[in-house]
Amino acid sequence: MKYPISVELTQKSSIGEVDFNNLVFGRNISDHMFVADFTDGEWTDCRIVPYGPMPMSPAIMALHYGQAIFEGMKANKHHETGEPLLFRPEMHLDRINRSALRMAMQPIPAEIFMNALSSLLDIDRDWIPQSEGSALYLRPHMFAFDSTLGVKSSDTYRFVIMTSPVGPYYPKPIRLLVADKYVRAFPGGVGFAKAAGNYGATLAPAQQAKNKGFDQILWLDGLEFKYLQECGTMNIMCVIDDTVVTPNLTDTILAGITRDSLIHLMRDQGIKVEERPISIQEVIEANKSGELKEMFGTGTAAVLSNVSEISYKDEIYTLPPVEGRKIGPFIKKVLEDYKKSLQPDKFNWLVPVKNLISTETNK
Ligand code: COI
């Protein structure tokens with residue numbers, strides 16, 4: 001291996017503190033984390049260490065100028081063998097490196113990304129939950145590490161992966177507030193990147209939406225406030241008659257890997273999918289005429305979350321009852337089964353972990 005990984009195992013596992021029957025998104029972090037540093041022009045010091053605080057200067061540039069990016073991925077166990085299975089890790093690698101490029105950060109070599117995930121999952125395999133709708137959430141992230149106050153791109157970076165056993169992100173159908181004042185992203189900006197600042201910038205509008213009883217914001221385009229974009233935590237899909245319609249990808253929308261997976265699976269099942277601009281007016285008209293059958297958000301954390309209501313310009317639009325919906329619940333099950341290898345791996349999306357630690361390191 002060009003990038004060997006050293007391992008320091010925890011002296012005290014905290015797995016006994018986790019209520020695996022009642023997992024709340026992000027509450028529990030697994031015993032170990034992966035860390036690597038970019039310094040003197042190369043990635044070095046790949047290590048797995050006990051999860052915990054790490055000393056760093058309050059001057060690191062990530063804190064001041066926002067060079068910080070992340071991924072959200074999931075791993076499940078094979079339904080028979082119990083082997084950990086990563087879902088589409090190469091696609092997450094591509095995306096974090098597209099984010100890195102846009103934010104003038106250092107790309108992660110494929111070997112580091114893939115071997116880090118494999119080794120971490122191998123060590124913390126007992127943290128992968130198996131109850132319905134649960135998974136081990138993986139959070140690779142990178143941040144600028146230079147301690148200096150001048151505005152420039154950092155010369156040093158830290159890359160960390162931590163993992164967390166999670167249940168459903170949205171346990172109930174969600175209510176969306178359609179943004180008619182704030183904007184999430186603008187053409188030429190960083191909306192397609194998984195940059196930390198994209199999330200920070202939406203927190204105040206999201207809090208206002210929560211105060212009004214909504215779970216999330218449905219963002220519209222920043223030029224005309226007309227076309228659906230995404231929800232920040234999810235991409236958005238509408239079922240109009242028998243066709244699933246979802247906004248086509250642009251530089252203002254995150255290229256969701258769950259979005260892409262569902263599109264493949266739906267087309268494979270003979271369900272029609274259109275990726276095209278869809279206006280809020282079209283959605284409202286379709287709801288009024290009864291042609292809007294379903295609306296759902298899609299994302300790694302959210303998987304597929306049904307929308308029960310949307311509010312636009314102070315009008316509430318109630319969508320058809322979730323119980324009678326056909327496409328969303330069906331395709332969600334197809335995807336969840338796929339991740340546990342309950343379906344043939346037709347698209348080569350599942351990557352079993354490799355046992356790298358025993359041969360290459362001091363485990
Ligand atoms: C994900 O789905 O992984 C996300 O990153 C969304 C959110 C939890 C930040």
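Residues numbered from 1 in each chain as written. Predicted model: local features only at pLDDT ≥ 70, side-chain atom pairs only at ≥ 80, totals over all residues. Heavy atoms only, no water.

Trainee: Would you explain the pairing of strand β3 (residues 42–50) in this entry?
Mentor: As a general feature of sheets, a regular strand has side chains that alternate between the two faces. Pairing geometry for strand β1 (residues 6–7) and β3, over two bridges, is parallel. Counterpart to S6 in the pairing with β3 is R47. Pairing analysis gives seven bridges linking strand β2 (residues 32–39) to β3, with the strands arranged antiparallel. The partner of M33 across the bridge, within β3, is V49. Connecting the antiparallel pair β2 and β3 is a turn made up of two residues, with D40 showing a positive phi of about 50°. (Pairing = 2+ DSSP bridges. Helix = DSSP H or I, 4+ residues; strand = E, 2+ residues; numbered from the N terminus.)

Trainee: When you look at the site of the ligand in this model, what are you seeing that I'm missing?
Mentor: As a matter of local geometry, the ligand sits amid F70, G72, Y137, R139, Y169, K194, Y199, T233, T300 and A301. Here Y137 contributes a side-chain N or O atom positioned 2.5 Å from an oxygen atom of the ligand. A distance of 2.8 Å is found between an oxygen atom of the ligand and a backbone nitrogen or oxygen belonging to A301. With the chains in place, 91% of the 280 Å² that the ligand exposes on its own is no longer accessible. (Near = heavy atom within 4 Å. Polar contact = N/O pair within 3.5 Å; in protein donor to acceptor, adjacent residues only side chain to side chain. Areas by Shrake-Rupley, 256 points an atom, 1.4 Å probe, with all protein chains shown as cover.)

Trainee: When you look at a nonpolar patch on the surface in this model, what are you seeing that I'm missing?
Mentor: On the surface, a nonpolar cluster with roughly 330 Å² of combined accessible area is contributed by Y65, L149 and V151. Looking at the element boundaries, Y65 is found in helix α1 (residues 61–65). (Patch = residues over 30% accessible without salt bridge, like charges linked within 9 Å, V, L, I, M, F, W, Y side chains within 5 Å. Salt bridge = Lys/Arg side-chain N within 4 Å of Asp/Glu carboxyl O.)

Trainee: In this structure, what is going on with the pattern of salt bridges? I would like to understand it.
Mentor: Close approach of charged atoms allows side chains of opposite charge to pair. Under the criterion given, the structure shown has 18 salt bridges. Of the charged contacts, one joins K152 and D155 as a salt bridge, the two residues approaching to 3.4 Å between their closest N and O atoms. A residue is classified by how much of its surface remains accessible, and K152, at 37% relative accessible area, is partly exposed. The partner of E309 in a salt bridge is R175, with the nearest N and O atoms 2.6 Å apart. One end of the pair, E309, is in strand β15 (residues 303–312); the other, R175, is in strand β9 (residues 174–178), and 134 residues separate them in sequence. In the salt-bridge network here, residues are joined through shared partners; they are D37, D45, R47 and R158. (Buried < 20%, exposed > 50% of the residue type's maximum accessible area, 1.4 Å probe, protein only.)

Trainee: Is there a simple way to think about the environment of L262 in this case?
Mentor: Along the polypeptide, L262 turns up in helix α6 (residues 257–268). The exposure class of L262 is buried, given its relative accessible area of 0%. Excluding residues that lie within four positions of it along the chain, L262 makes contacts with M237, T298, L304, I331 and L335. (Contact = heavy atoms within 4.5 Å.)

Trainee: How should I be thinking about the packing of aromatic side chains in this particular structure?
Mentor: Working definition: an aromatic ring pair is given by the centre-to-centre distance plus the angle between the planes. Here the structure, examined in full by the defined rule, presents 14 aromatic pairs. Measuring from ring centre to ring centre gives 6.4 Å for W43 and F159, while their planes differ by 75°; the resulting arrangement is edge-to-face. In this pair, W43 sits in strand β3 while F159 sits in strand β8 (residues 157–166), placing the two residues 116 residues apart along the sequence. No difference in accessibility class separates W43 from F159, as the two residues are buried. On the basis of an interplanar angle of 85° and a centroid distance of 4.8 Å, the ring pair of Y169 and Y170 is categorised as edge-to-face. The exposure class of Y169 is partly exposed, given its relative accessible area of 29%. An aromatic cluster is built from F34, F38, W43, F113, Y157 and F159, whose rings are joined through pairwise contacts. Stacked on the ring of F214, the Lys or Arg R175 has its end atom at 4.5 Å from the ring centre. Above the ring of F87, the side-chain terminus of K339 is found at 5.1 Å from the ring centroid. (Phe/Tyr/Trp six-rings, centres within 6.5 Å; stacked < 30°, edge-to-face > 60°. Lys NZ or Arg CZ within 6 Å of the ring centre and 35° of its normal.)

Trainee: Honestly, the environment of P129 in this entry has me stumped. Any pointers?
Mentor: The residue P129 is located in the loop between α3 (110–123) and β7 (135–144) in this model. Those residues in contact with P129, other than ones at most four positions away along the chain, are F20, L23, S134, A135, L136, P165 and V166.

Trainee: Mind showing me how you'd approach the nonpolar core here?
Mentor: Most often, soluble globular proteins keep nonpolar side chains buried together rather than apart. Grouped together as the largest cluster of nonpolar side chains are 52 residues, with contacts concentrated most on F34, W43, F113, M142 and F159. Among the elements that line this core, the one with the most residues is α3, at eight residues. Setting aside its immediate chain neighbours within four residues, F159 contacts F34, V35, A36, W43, I96, I108, I112, F113, P140, H141 and M142. Of all hydrophobic cores here, the second largest spans 26 residues; its members include C238, V283, L292 and V307. (Core = buried A, V, L, I, M, F, W, Y, C linked by side-chain atoms within 4.5 Å.)

Remember, this is a structural readout, not a statement about activity or role.
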